[in-house]
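Chain and residue survey
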Amino acid sequence: MASIASVPAPTALRQAIERAVATVVAVNDDVLEPVLCALLARGHVLLEGNPGIGKTLLARTLAQCIDCDFRRIQFTNDLMPSDIVGTAVWRSTAEDFAFVPGPLFANFVLADEINRTSPRTLSCLLEAMEAGRVTIDGRVHELGRPFLVLATRNPIEFHGTYPVPEAALDRFLARVEMGYPAAAQERALYTGRDAEAALTEVRPVLSREQLVAAQHAVTGVLVREPVAEYVLRVVAATREHKNVALGASPRAALAWLRAAKARAWLAGRDFVLPDDLKALAEPVLAHRVFLTDGGSANGFVREVLAGAPVPL
C-alpha cells in the first residue's frame, strides 16, 4: 500500500479529473461530485438516465483517469455467472484444473445495463461488491485492491430487463441520475472534437497506489458529535413519515457519512460539515428510502433536509 505521503493534493486532484472529464463528456457538478466521493469512499456507483446521454462514456473516462486494471461487462439476459467471475479449465499438461479469472478481476469494473441480466448473474456481482471476493467451486478468490464498480441502468427501458431489488440497490453507495446537458454544454459537443478521439488522449492523473492512499486518508476525516446528531435526526425522520414504507437504515447513514468524508477531503478539510451531508443526501439516501406510493424519494429527501435543524 502507498504511504500517506504519496496522497495527491485533494483540490488539485479534483480539478485534474474535472478537466479530463470535460474534454470527453458534458456532465454537471451534481453528477460528477457524488461519483468522485463514492470512489474515494470505497463505494460503488449506479448511473441512471436516458440512453445516449453519456453514462458509459463518463465511466470510461473516469477509468482512464486512474492508472489501474479496467474491464467492461455488457450485461445481457444470457450472461452466465461464469462469464463474469471466471471458471476452472482443465489443463492437460498439468493434469489439473486451473482457474481462469473473468472480467470481474479488475480494479475498476464498468457494469453496463445491469438490469438486463438474470438475478442469478446479478447476485454474483453483488457478492463481489459487498465482500470484495468471489467463491468458485468452494474456493475463495480475492478481487483487486481497490475494487470499484460503476454500473449503468436505463430506467425507461423495460423490454428484456429485470427489476433490481431493494437489497441490490443498497450495495451501491450512490445512485446518480444523469440528465441532458445544459444548452451551452450540448452545443459545445456538436462543434467540438469527437468524444472517442478525446478519450484516447486522457492520461491518468492518479495511480492505483495513490487511489488506495487517498481512500485511506478519507477514513481519517473527523465527524464531530453535532454532525453525528444531525445524521441521526435526518435518518430517523425518514423512518417516521406516514408516506414511507422503508426508511434509511443505520447502514445507509454510515454510507452517507463515508461519502461526506470524501467530499470534505476533496475540499481540503479534515472534518465533515453539514453542507457535505446535504450535498450528498439525494444520491446516497434516496435509493434506500421507499415510499408507499412507489414513487421517487428524491423530493422526500429534500423535504426531510429542509425540516431538519442544522447544527451551528
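Details of the structure are given in the entry above.
Residues numbered from 1 in each chain as written. Predicted model: local features only at pLDDT ≥ 70, side-chain atom pairs only at ≥ 80, totals over all residues. Heavy atoms only, no water.

Turning to the nonpolar core, a few remarks are in order. If you look at the biggest cluster of nonpolar residues, it comprises 79 residues, and the most contacted ones within it are Leu58, Leu62, Phe108, Trp256, Trp265 and Leu277. Ranked by residue count, the leading element in this core is helix 11 (residues 250–266), at eleven residues. With sequence-adjacent residues up to four places away left out, tryptophan 256 is seen in contact with Tyr230, Val231, Val234, Val235, Leu277, Leu280, Ala281, Val284, Leu285 and Leu305. Among the nonpolar cores identified, the runner-up in size contains 28 residues, and Ala106, Ala111, Ala168 and Phe172 belong to it. (Core = buried A, V, L, I, M, F, W, Y, C linked by side-chain atoms within 4.5 Å. Buried < 20%, exposed > 50% of the residue type's maximum accessible area, 1.4 Å probe, protein only. Helix = DSSP H or I, 4+ residues; strand = E, 2+ residues; numbered from the N terminus. Contact = heavy atoms within 4.5 Å.)

This part takes up the sheet that holds strand 1 (residues 45–48). Note on sheets: strands pair through backbone hydrogen bonds, and any given pair is parallel or antiparallel. Sheet architecture is open: five strands sit in the order 3-6-9-1-10, paired in parallel fashion. Single-partner strands in this sheet number two, and they are strand 3 (70–74) and strand 10 (174–177). The average angle at which neighbouring strand axes cross in this sheet is 15 degrees, direction not considered. Bridging between strand 3 and strand 6 (residues 108–112) involves five bridges; their strand directions are parallel. Along strand 6, the bridge assignment pairs arginine 71 with valine 109. (Pairing = 2+ DSSP bridges. Axes fitted to C-alpha atoms, helices over the stretch in contact; angles between N-to-C directions.)

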